[in-house]
Amino acid sequence: ANLENVNAKMEKAKSNLQAKFYTRAGSLPSIMKSNGVKEDFTESDTTVDAVFDSVLQVVKEESMPADTNIVIMGGNGFIGKRFTEKLIREDWAGSVFLLDVDNKSDLNLLAQTVADQATIFLNVTRRGAIDDEYARSIKKFKKRAFLNEVFGITKEEILTIKESGTPFYNIVGGRGSN
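The shown structure was predicted, so the numbers you read here are calculated from the model rather than taken from an experiment. (Residues numbered from 1 in each chain as written. Predicted model: local features only at pLDDT ≥ 70, side-chain atom pairs only at ≥ 80, totals over all residues. Heavy atoms only, no water.)

Within the largest apolar cluster, 22 residues are counted, with the highest numbers of intra-cluster contacts made by V55, I70, F83, L122 and L147. Every element with two or more residues in this core is listed here: α3 (42-61), β1 (69-73), α4 (78-89), β3 (119-123), β4 (144-148) and β5 (168-172). For F83, the contacting residues outside a window of four places in its chain are V48, V51, F52, V55, I70, I72 and L122. In this structure, A111, I138, F146 and I153 belong to the second largest nonpolar core, which totals 19 residues. (Core = buried A, V, L, I, M, F, W, Y, C linked by side-chain atoms within 4.5 Å. Buried < 20%, exposed > 50% of the residue type's maximum accessible area, 1.4 Å probe, protein only. Helix = DSSP H or I, 4+ residues; strand = E, 2+ residues; numbered from the N terminus. Contact = heavy atoms within 4.5 Å.)

A few words on unusual backbone geometry. Non-glycine residue S63 carries a positive phi angle of around 50°. Locating S63 in the fold gives a position in the loop between α3 and β1. Here S63 falls in the exposed class, since its relative accessible area comes to 63%.

The pairing of β1 with strand β2 (residues 96-99) spans four bridges and is classified as parallel. Each residue of the ladder has a partner; that of V71, found in β2, is F97. Handedness of the crossover joining β1 and β2 through α4 is recorded here as right-handed. (Pairing = 2+ DSSP bridges. Right-handed = clockwise from strand over helix to strand, strands pointing away.)

Residue placement: D67 occurs in the loop between α3 and β1. For D67, the contacting residues outside a window of four places in its chain are A93 and G94.

This part takes up helix α5 (residues 105-114). Among all positions of α5, only L107, L110, A111 and V114 are buried. Angular distribution of buried residues about the axis of α5 spans 105°; they occupy a single face of the element. Within α5, the exposed residues directed more than 90 degrees away from the buried face are Q112 and T113. (Arc of directions from axis to C-beta.)

Two side chains carrying opposite charge are able to pair once their charged atoms lie near each other. Counted under the stated rule, the structure contains two salt bridges. When the shortest N-O distance is used, the salt bridge between K86 and D49 registers 3.1 Å. Residue K86 is found in helix α4, and its partner D49 is found in helix α3; the two are separated by 37 residues along the sequence. For K86, the salt bridge goes to E90, with nearest N and O atoms at 3.4 Å. Residue class for K86 comes out buried when judged on its relative accessible area of 11%. (Salt bridge = Lys/Arg side-chain N within 4 Å of Asp/Glu carboxyl O.)

What follows deals with the confidence of the model for the protein. Of the residues in the protein, 69% have a pLDDT of 70 or more, and the chain-wide mean is 79. Looking over the protein, one finds the lowest element-wise mean pLDDT in strand β6 (residues 175-177), namely 41, and the highest in β3, namely 94. In the predicted structure, residues 173-178 sits below a pLDDT of 50 and forms 17 contacts with residues beyond four places in sequence or in another chain. (pLDDT = per-residue confidence, 0-100.)

This is the structure in structure tokens:
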């Protein structure tokens, strides 16, 4: 009932402002969907399109090949799932790996297999996944870049990535910025 009230208030505000859509952040979209309150989230499609465009921009900026791999931190979340579906629809030439932020050892295993291939590390989780262990792991990849989609990333996390020698991009207004 509370979720329905939140949704109704947001829909009314959207209508009053004559906005095309409004953004729900964090876990609210997933919770609303799982509780049957709302199924369609146009803003998530907009976010996914912005992330996809940003990936293409990073590939270009970093002179990466078309078959660049993508490691998605938070790939099983609301945006991560939709972004993976977008990559499939767009017939992405590289491999896509979903990383469980609670099991960073998977990244070390991945490095043993594809570290010689260009890889973009995409952060779509707010769970504080970026630490020294993560930075050491991605450093094993020869041609790499880090693309952040979340607002909750801290200055310390950004510094950790940059200190690993990894080009860092942050999606701002749908465009990656170094």
